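# Residue-level structure breakdown
Here is how the chains run, residue by residue.
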Amino acid sequence: MKTVLLFLLLAGTLSSPDGKLQLNVDINKKGVPTYELQYDGREVVKPSKLGFTFRGEKIYISETAKNTGKRYRKPVDMQRGFSLKDVQTASFDETWTTVWGEESHIRNNYNEMAVTLEKGGIDMIIRFRLYDDGLGFRYEFPEQPNLVDFVIKDELTEFAMTGDHTAIWIPGDYDTQEYSYNVTRMSEIRRTAKKMKVGNASQQTFSPSGVQTALQLKTDDGLYINIHEAAVVNYPTTNLELRRRTFRTHLTPDAEGWGALLQAGSHTPWRTVMVTDDARKILASRLILNLNEPCAIEDVSWIHPTKYMGVWWEMIVGRTTWSYTDEHNVIIVGETDYANSKPHGRHGATNENVRRYIDFAAASGMDGLLIEGWNIGWENWFGHQKDRVFDFVTPYPDFDLPALNAYAHSKGIRLIMHHETSSSTANYERWIPEAFDLMNQYGYDAVKTGYVGDILPRGEHHYSQSIINHYNYVIRRAAEHHIMVNAHEAVRPTGLCRTWPNMVGNEAAKGGEFCDSVEPKHLTILPFTRLQGGPMDYTPGALEMNLKLITPKRKDVLKFTVCKQLGLYLTMPSPLQMACDLPENYERYVDAFQFIKDVAVDWEQSKYLYAEPGDYIVVARQPRKSTMELAAKGVAALSDGKKDYVNGASRFCLTDVNGKPDATKDIWFVGGITDENSRSFDISFEYLKPGAKYEATIYADAPDADGVNVSQETGSAPCARYTISKQTIDASTVLPIRMAPSGGFAISLKEI
């Protein structure tokens, strides 16, 4: 009988709906479960092991001794010795509607195989789902008499590669993803990892051959392989450790060094392997989203895309600061007397300055304004692992919260709250009820959270199980208060925005704040890696590249052209999209700023036209029709602190020839970016409405534009050379576009 069961497992194969991907599941001679994956007859993942080690290398279960009838603890090894108990297969096909995103509808179509394995009286299910674009699988531990609680030391999931592929990677780390990407052969990872380590507020690498997901690979014969994870809940984030040509999962440990504490009835996140022969399909894949649970929020009407500005960039570049006074070396929240403290004069979040931003944001059709440094505590907040570091409710003396909030609402602007926790997660959870109540009182419906520095409680990491649970707790509590969340320095997202669409933005990568060290190729990589799990708050829109013109002490020039910054609004999609620069810089580049005012941030459909990771991306997107229709009705954005939402970005082109609202007109936006190399493409418009004519406004790099060969001597001049032209086009038009080194382009299209 055992032989028959083993034969059945050896026959455990699964094909994707289109038949191109094939999965084989097996048990080797030692009883170790393995899997292998093929694409169109080509081996992608060689036989790779599955399983775990548990605390003490064993898992302990309850069992009754036959001779005494007493309960005792029996060790069971979960690495080998498995036998097959059951195999179930199924198919699934649905199309679900997004709350926001790169398209309004997503197809979720897969074939599934659930393999139940038994060892020592314990059942473990490995559930495989095979899509046209990749594989997802997870471990499940059903409720059963012999299993209660258990502690995972290591997860032994492997991804055995077929060759020394080209890898696009950042070092494995328990606390940060704020690295520049490296592009090397897999065999070169170990010797180059040390060169990639940079100073960070919190950083913990674990191995010179460790890398983080999403890991983008390319084979010599042109296959693109992406290894990642989906739906990380109550489990640590995984890294990958390379051993010869095999990647093995490496869980972020907790303060005691263990991976995860689980109980029967739980499951792990999904492990994913995306495979395609076309890089554009990686960007178009929704594998990670599909592996997450459906939306858990019944009424999503309060969740909305937002284009915002911020009292932030001037702090990042050093013109102003978050703190209020220099009088105190020690700050005790609730005791330090700010009312009688002398201001140092460099505070950015003042009543006067905030009103200036509100006025400009309102005149520019923005939806929101983020204000950092509004609350007490910034004089002594970082690097001390203080428990009670902020209270999230008390403003500085020069920030009149009620008055500024009322002024913003009178202008149709909603303020965005900022909650920097300094990684004291227990303190934040202590204050959440009062802080979120304050937001509700004043009509704030979005918060930017921050986790700068080492995690408190001490010994935990940004990506360990308990801190993952903290992030998810914040998202759930925010949903109860109808608050959207944009988390910075938190864990990279893994598609949970499908389940909790109030999770509208995350950082979790090297973003715009690292303006002086962002390499030209960096932004052509992020959509293949970091953005696979959800949108990033990269903070684009810096049009003045010479930072000396903002802060005299700065000597750096950003390595982007103006048109690359415009193109980012298409290639780095996010429902929470920033225009990061200062009002005076937008006034200097008012013609280029028009595209930032016009471009939408929520989409009906997206078409990737050209893509190669590390080199270039070109994409066309159509704004979401429902948002456009709402804007065409002229619904007020804010009314007495309550709102019917209007996306300022969607006001573009919503008028007929008489200047009246008209949502029937078709609108598209097209954009592209390149790395350090100049590139030219022929842009097709075959996705436009047949027979219709469009007015195209084209923002392009000038012939002498250059985003790479810049210095303090040249200033921003090579970066700031661009042309703006108009042209009538239709679906048959092919438009040649040239992008300068580290350049880009943007096109707005309006049906006429």
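All of the points below concern the structure found in this document. (Residues numbered from 1 in each chain as written. Predicted model: local features only at pLDDT ≥ 70, side-chain atom pairs only at ≥ 80, totals over all residues. Heavy atoms only, no water.)

A few words on the overall build of the protein chain. Along the protein chain, the regular secondary structure elements total 14 helices and 38 strands. Against the globule reference of 27 Å for 752 residues, the protein chain gives a C-alpha radius of gyration of 27 Å, in line with a compact fold. Taken over the C-alpha atoms alone, the protein chain extends approximately 85 × 70 × 50 Å along its principal axes. Put simply, the protein chain has 752 residues, and 63% of those count as buried. Across the protein chain, contacts joining residues at least 24 apart in sequence account for 73% of those joining residues at least 6 apart. Carbon and sulfur atoms make up 48% of the accessible area of the protein chain, which amounts to about 27,700 Å² in all. Between the centroid of the 82 positive side chains of the protein chain and the centroid of its 96 negative side chains there is a distance of 5 Å. (Helix = DSSP H or I, 4+ residues; strand = E, 2+ residues; numbered from the N terminus. Rg over C-alpha atoms; globule rule 2.2 N^0.38 Å. Buried < 20%, exposed > 50% of the residue type's maximum accessible area, 1.4 Å probe, protein only. Contact = heavy atoms within 4.5 Å. Areas by Shrake-Rupley, 256 points an atom, 1.4 Å probe, with all protein chains shown as cover. Lys, Arg positive; Asp, Glu negative; His and termini not counted. Charge placed at Lys NZ, Arg CZ, Asp CG, Glu CD.)

The strand order across the open sheet formed by six strands is E31-E32-E33-E38-E35-E36, and the pairing between neighbours is antiparallel. Edge strands, defined here as strands with exactly one partner in the open sheet, are strand E31 (603–612) and strand E36 (722–729). Taking each pair of neighbouring strands and ignoring which way they run, the sheet shows an average axis angle of 15°. Bridging between strand E33 (residues 667–674) and strand E38 (residues 744–751) involves seven bridges; their strand directions are antiparallel. Across the sheet, Ile673 pairs through a bridge with Gly744, a residue of E38. The sheet contacts of helix H11 (residues 562–571) involve E31, strand E32 (616–623), E33, strand E35 (694–701), E36 and E38, and relative to E33 the element is tilted by about 120°. (Pairing = 2+ DSSP bridges. Axes fitted to C-alpha atoms, helices over the stretch in contact; angles between N-to-C directions.)

Let's shift gears to helix H8 (residues 425–442). With 18 residues, H8 extends 24 Å between its outermost C-alpha atoms, agreeing within 8% with the 26 Å of an ideal straight helix rising 1.5 Å per residue. A maximum bend of about 55° is found in H8 at Ile432, where proline Pro433 lies one to four positions downstream. When we look at burial in H8, the residues that qualify are Thr425, Asn427, Tyr428, Ile432, Ala435, Phe436, Leu438, Met439 and Tyr442. As for H8, its buried residues are in contact with helix H7 (401–410), strand E26 (414–420), strand E27 (446–450) and helix H9 (465–480). (Expected span 1.5 Å × (residues − 1). Bend = angle between axes of the 7 residues up to and from the residue.)

What follows is about the pairing of strand E4 (residues 42–49). In terms of strand pairing, strand E3 (residues 33–39) meets E4 through five bridges, oriented antiparallel. If you follow Tyr39 over to E4, its bridge partner there is Arg42. Taking the residues that link successive antiparallel strands as the turn, the E3-E4 hairpin has two residues, and the phi of Asp40 there is positive, at about 55°. One ladder, built from two bridges, connects E4 with strand E13 (residues 158–161); its direction is antiparallel. Bridging across to E13, Lys46 finds its partner in Ala160.

With that settled, consider the pattern of salt bridges. Scanning the entire structure with this criterion turns up 38 salt bridges. We note a salt bridge from Asp221 to Arg42, for which the minimum N-O separation is 3.1 Å. Residue Asp221 is found in the loop between strand E17 (215–218) and strand E18 (224–230), and its partner Arg42 is found in strand E4; the two are separated by 179 residues along the sequence. The exposure class of Arg42 is partly exposed, given its relative accessible area of 27%. Ionic pairing is found between Glu188 and Arg191, a salt bridge with its closest N-O pair at 3.5 Å. Take Glu188: its relative accessible area is 25%, and that puts it in the partly exposed class. (Salt bridge = Lys/Arg side-chain N within 4 Å of Asp/Glu carboxyl O.)

Under the counting rule described, the total for this entry stands at 34 aromatic pairs. Considering the side-chain rings of Phe141 and Phe150, the 4.8 Å spacing of their centres and the 55° angle between planes classify their relative orientation as tilted. Accessibility assignment for this pair places Phe141 and Phe150 in one class, buried. Ring geometry for Tyr324 versus Tyr396: centroids 5.3 Å apart, planes at 20°, classification stacked. Linking Tyr324 in the loop between helix H5 (313–316) and helix H6 (351–363) with Tyr396 in the loop between strand E25 (368–371) and H7, this pair joins segments that are 72 residues apart in sequence. Feature note: the residues Trp322, Trp378, Trp381, Phe382, Phe390, Phe392 and Tyr428 constitute an aromatic cluster, connected by ring pairs. When the ring centre of Tyr407 is taken as origin, the NZ or CZ atom of Arg355, which lies over that ring, is 5.5 Å away. (Phe/Tyr/Trp six-rings, centres within 6.5 Å; stacked < 30°, edge-to-face > 60°. Lys NZ or Arg CZ within 6 Å of the ring centre and 35° of its normal.)

Another point: the environment of Asp367. Tracing the backbone shows Asp367 in the loop between H6 and E25. Sequence separation of Asp367 and Thr306 is 61 residues, and the distance between their C-alpha atoms is 5.8 Å.

Right, let's talk about a negative patch on the surface for a bit. Together, Asp18, Asp40, Asp132 and Asp277 make up a negatively charged patch on the protein surface. Assignment of secondary structure puts Asp18 in the loop between strand E1 (12–15) and strand E2 (21–27). (Patch = residues over 30% accessible without salt bridge, like charges linked within 9 Å, V, L, I, M, F, W, Y side chains within 5 Å.)

Let's shift gears to unusual backbone geometry. Along the chain, Thr213 connects to Ala214 via a cis peptide bond; the corresponding omega equals 0°. Geometrically, the link from Leu456 to Pro457 is a cis peptide bond, its omega value of 20° lying close to zero. Looking at the element boundaries, Pro457 is found in the loop between E27 and H9. Positive phi values are uncommon outside glycine, yet Ser422 reaches one of about 55°. With respect to the helices and strands, Ser422 occurs in the loop between E26 and H8. Its identity is not glycine, yet Glu489 carries a phi of approximately 60°, on the positive side. Within the secondary structure, Glu489 sits in the loop between strand E28 (484–488) and strand E29 (503–506).

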